[in-house]
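An overview of the molecular structure
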Amino acid sequence: MPTNPDFVSRHHLPERWQDRERFVMLQFDFADGADFLQAWQAWRQDPQRSQRLYYFAMINEAELAACTQPELAAFHAKLASQWPALKRGFQRIHLENGALILTLMWGEPLAQLRSLHATLDAADINTGELSAAHYKALWRLSSANTRVVTYRKSGEAHLKSAGYAMEDLGNYQAGLCSRPPFDKAPYHPHHAMIIGAGLAGTSIAERLATRGWKIDLLEAQSEVATQSSGNHAGLFHPSASRDDNISARLSRIGCAETQEHLARLQNAGLDVFFGVDGILQVAKDDTQALLMQEIANDFPAEILNWKTQDAATELLGARPNHGGWWFPQGGWANPSSVCRANLALWPEQIRLRCNSQVAQLVQTPDGWTALDSAGLVLAAAPVIIVANATDAMALLPELELPLSKTLRSTTLIPALESPRHSLTGSGYITPAFQGYHCIGAAEVRDNDLASAEQRNLAELQALLPELAAVSSATSRACFRPNSLDRLPLAGALPDPQSITSAIHQLHQIPRLKGAYGLLGLGSRGLSWAIIAAETLACQLNHDPAPIEIDLQQAIDPARFLLRKYRQSNQ
């Protein structure tokens, strides 16, 4: 489709986004990207622009087209520098320090429409013939303020049937949704109380603070990041599977969001310690090695590629016991520095209260109140977010939260000349940070930390059989919180006591008013904390979700309750 020089004006921009908290736009065909670049330019040049601009675009082209307009060349170059290597699912590109987010939607258009969770302000139908199903899916994303622009009159009947009052404006039509779907999502005052100041709690605090929320953050210990978030270093990298399952997809977008977030903290001048220098995931045996090679063929080398044992040796400077997956964008971080940087970014909006052990949560007409063991009020807010791992089970026992924990040990060893990159497999080793590698994470059985430490050293020796014997400096044990399906819990908490009828879908499950959770990050805190927090913040703030609907449902805290009711009806 040729470039439309009137794209911005036909959507009544910049007027429609001015003085808005957010503006959400959907384009049915990204085409050569010129329309987006024009919108970006107009948005940046407008002093009254919205605080955030979300731009969703369906796309099937493999590469970004060349720029034909010199005035857009700088925008085009910036976009090209961040163009995704993987053409699959939703790919988010953060621009303007995160204030503008372009989401490229790869795949079949109807499926992508149905995967989107957002309330649109503008929709640009610049594609070919659409079916009634497409327009119905568009209607689901509409409000009374959703304005549609279309360049074909063939869809007029479908638009009218879907509730749009269109006006013929010559070579295009435009109109608002005259009968939008009923919005059932709760609206909250922008004030939340968060329990737990580890990666989960500080991440959701930061994500809400950037949206203008006021936060009371309660931590039982004397400082932040004392549990699993207090480990010396941790790793983050995508995962992959033959069927590209939920965990693999969530890990990819999660690691991309983590990398973006860490760079943003660093650019703000904060002391956050991390590196994105690649990770090798070593195959456990020959059978797994063959499967890993097969899966790696489906990915661009920038995301994932297979390294033979010899190639891995050259890369690492040490010989692993097998070849493995090389993740060029895999990284490591010191979790406690991330937690502190999250809070330091918004000191006026996040009020941290350490030594605040919550013994009881009380629901009130105005929200929630947290009490200590003496019955004294620690804090109160319209919204409560439990982010204190398995301790949340004692605060909300009636929810029967599907969480478990295992005691794990991490061990520090003095810095080595090799391996030059992180390794993971049956065990793991991080790069040296402040003079020490972190290895782990064996289960601590019968409180025997010494035996767990020896298993950590043995796992390292198994990964790198030719490595000279190393001695440990110290070890620490902490509980690793997991959900029963090894996926995080992020979203509105269910209210089992209010179920009065048959339950078949997640949306039918009643929710505990003003109560949310960010739990069950397990061993993937650095991979999942940021994307889970962003997903929850978008839900609370009525922003477009950063992930597809099926991924949202996969981390919904009510999913286990739904399974229980489905099984009982069989």
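As shown above, the structure is provided for reference.
Below, the structure is looked at part by part. (Residues numbered from 1 in each chain as written. Predicted model: local features only at pLDDT ≥ 70, side-chain atom pairs only at ≥ 80, totals over all residues. Heavy atoms only, no water.)

**Some points on the overall build of the protein chain**
Heads up, the rule is: Helix numbering and strand numbering both begin at the N terminus, where a helix is a DSSP run of H or I of at least 4 residues and a strand a DSSP run of E of at least 2. In this treatment the radius of gyration is a C-alpha quantity, and the globule benchmark scales as 2.2 Å times the residue count to the 0.38 power. The contact definition used throughout considers only heavy atoms, calling two residues in contact when any of these lie within 4.5 Å.
On a plain count of helices and strands, the protein chain comes out with 16 helices and 28 strands. For 570 residues, the compact-globule formula gives about 25 Å, and the C-alpha radius of gyration of the protein chain, at 25 Å, lands near that figure. For the protein chain, the spread of C-alpha atoms along the principal axes amounts to about 80 × 60 × 55 Å. In the protein chain, the proportion of contacts linking residues at least 24 apart, taken out of those at least 6 apart, comes to 71%.

**Re the environment of Gly201**
Assignment of secondary structure puts Gly201 in helix H7 (residues 199–209). For the pair Gly201 and Ala458, spaced 257 residues apart in sequence, the C-alpha separation works out to 34 Å. Other than its neighbours up to four places away in sequence, Gly201 contacts Ile194, Gly196, Leu217 and Ala387.

**Topic: empty space enclosed by the protein**
Quick note on the threshold: In this analysis a 1.4 Å probe is tested at points of a 1 Å grid over the protein atoms alone, and where it fits but cannot get out there is a cavity; an open set with protein on both sides within 12 Å along at least five of seven lines is a pocket; lining residues have an atom within 4 Å of a point. Grid points are joined across faces, edges and corners, and a volume is the space filled by probe spheres set on the points. Side-chain classes follow a simple rule in which Ala, Val, Leu, Ile, Met, Phe, Trp, Tyr, Cys and Pro form the nonpolar group, Asp, Glu, Lys and Arg form the charged group, and the remainder, Gly included, forms the polar group.
Per the counting criterion, the structure on display carries two cavities of 30 Å³ or more. The calculated volume of the largest cavity comes to roughly 60 Å³. What lines the largest cavity is Asp32, Gly33, Ala34, Leu37, Ala66, Cys67, Thr68, Gln69, Leu72 and His76. Residue composition of the lining of the largest cavity, grouped by class: five nonpolar, four polar and one charged. Counted as a void, the second largest cavity has a volume near 40 Å³. If you trace the second largest cavity, you find it lined by Ile125, Thr127, Gly128, Glu129, Leu130, Tyr135, Thr150, Arg152, Ser154 and Gly155.

**Quick notes on helix H5 (residues 132–140)**
Using the following cut-off: Residue burial is assigned from relative accessible area. The probe radius is 1.4 Å, only protein chains are included, and a residue is buried under 20% of its type maximum, exposed over 50%, and partly exposed in between. Relevant arc is that of directions from the helix axis to the C-beta atoms, nothing else.
Among the residues of H5, His134, Tyr135, Ala137 and Leu138 are the ones counted as buried. The buried residues of H5 occupy one face: seen down the axis, they fall within an arc of 160°. As for H5, its buried residues are in contact with strand E1 (22–27), helix H4 (109–115), strand E5 (122–125), strand E6 (147–150), helix H6 (156–161) and strand E7 (164–168).

**Comments concerning the pattern of salt bridges**
Cut-off, in case you're wondering: What counts as a salt bridge is simple: a side-chain nitrogen of Lys or Arg found within 4 Å of a carboxyl oxygen of Asp or Glu.
According to the stated counting rule, one finds 27 salt bridges in the structure shown. Between Asp543 and Arg22 there is a salt bridge; the shortest N-O distance is 2.3 Å. Taken as a pair, Asp543 in the loop between helix H14 (525–541) and helix H15 (549–554) and Arg22 in strand E1 lie far apart in primary sequence, 521 residues in all. Ionic contacts of the salt-bridge type, sharing partners, join the residues Glu21, Arg22, Arg52, Arg92, Glu206, Arg207, Arg211, Glu257, Glu534 and Asp543 into one network.

**Description of the sheet that holds strand E25 (residues 436–443)**
Note: strands within a sheet are paired through backbone hydrogen bonds, in either parallel or antiparallel orientation. Heads up, the condition is: Should DSSP find at least two bridges between two strands, the strands are regarded as paired.
Strands sit in the order E14-E15-E13-E23-E24-E25-E22-E26 across an open sheet of eight strands; the sheet is mixed. Both outer strands of the open sheet, strand E14 (305–307) and strand E26 (474–483), are each paired with one neighbouring strand and no more. In the sheet, strand E24 (residues 428–429) pairs with E25 via two bridges, with the strands oriented antiparallel. Among the inter-strand pairings, Ile429 is bridged to a residue of E25, identified as Ile439.

**Points about the sheet that holds E6**
Applied cut-off: With axes taken as lines fitted to C-alpha atoms, and helix axes fitted only over the stretch in contact, angles between N-to-C directions fall between 0 and 180 degrees.
Ordered by their spatial adjacency, eight strands build an open sheet running E3-E4-E2-E1-E5-E6-E8-E7, and the pairing between neighbours is mixed. Two strands lie at the open edges of the sheet, namely strand E3 (90–95) and E7, each paired on one side alone. With strand direction ignored, the average angle separating the axes of adjacent strands in the sheet is 15°. Inspection of the sheet shows E1 paired to strand E2 (residues 52–59) by six bridges, in the parallel sense.

**A closer look at unusual backbone geometry**
Between Leu13 and the following residue, Pro14, the backbone shows a cis peptide bond with an omega angle of 15°. Looking at the secondary structure, you find Pro14 in the loop between helix H1 (7–10) and E1. In this model, Gly440 is joined to Ala441 through a cis peptide bond whose omega is -5°. Relative to the helices and strands, Ala441 resides in strand E25. The backbone phi angle of Gln434 is positive, close to 50°, even though this residue is not glycine. Here Gln434 lies in the loop between E24 and E25. With a relative accessible area of 59%, Gln434 lands in the exposed category. Located in the positive-phi region is Asn447, a residue other than glycine, with phi close to 60°.

**What to know about the packing of H7 against H14**
Keep this limit in mind: Note on angle classes: values under 35 degrees are labelled roughly parallel, values over 145 roughly antiparallel, values of 65 to 115 roughly perpendicular, and the remainder oblique. Rotating anticlockwise by less than a right angle from the far helix to the near helix defines a left-handed crossing, while the corresponding clockwise rotation defines a right-handed one.
Between H7 and H14, whose axes approach to 8 Å, the crossing angle comes to 40°. Taken together, the axes of H7 and H14 lie oblique to each other. Relative to H14, the crossing made by H7 is right-handed. Contact residues: Leu199, Ser203, Ile204, Arg207 and Leu208 in H7; Gly525, Leu526, Ala529, Ile530, Ala533, Glu534, Leu536, Ala537 and Leu540 in H14. Within the contact of H7 with H14, the residues separate by chemical class into 10 nonpolar, two polar and two charged.

**Focus: the packing of helix H8 (residues 246–267) against H14**
The contact between H8 and H14 brings their axes to 7 Å, and the two run at 80°. Taken together, the axis directions place H8 and H14 in an arrangement best described as roughly perpendicular. Contacts from Ser247, Leu250, Ser251, Ile253, Gly254, Cys255, Glu257, Thr258 and His261 of H8 reach H14 at Leu526, Ser527, Trp528, Ile530 and Ile531. For the contact of H8 with H14, a count of residues per class yields seven nonpolar, six polar and one charged.

**Quick look at the packing of aromatic side chains**
As a reminder of what qualifies: The pairing test for Phe, Tyr and Trp rings, Trp by its six-membered ring, is centres within 6.5 Å, and the orientation test on the planes gives stacked under 30 degrees, edge-to-face over 60, and tilted for anything in between.
All chains considered together, the criterion is met by 10 aromatic pairs. An angle of 80° between the planes, with centres 6.1 Å apart, marks the rings of Trp17 and Phe23 as edge-to-face. Just as Trp17 is buried, Phe23 falls in that class too. Where Phe36 meets Tyr55, the ring centres are 4.9 Å apart and the plane angle is 70°; that geometry is what we call edge-to-face.

**A word on the nonpolar core**
Heads up, the condition is: We call a set of buried Ala, Val, Leu, Ile, Met, Phe, Trp, Tyr and Cys residues a nonpolar core when their side-chain atoms join them within 4.5 Å.
In this structure, Ile204, Leu208, Ile215, Ile385 and Leu518 are the most contacted members of the largest nonpolar core, which totals 51 residues. Formed by 30 residues, the second largest nonpolar core is a distinct cluster that contains Met25, Leu53, Tyr55 and Ile93.

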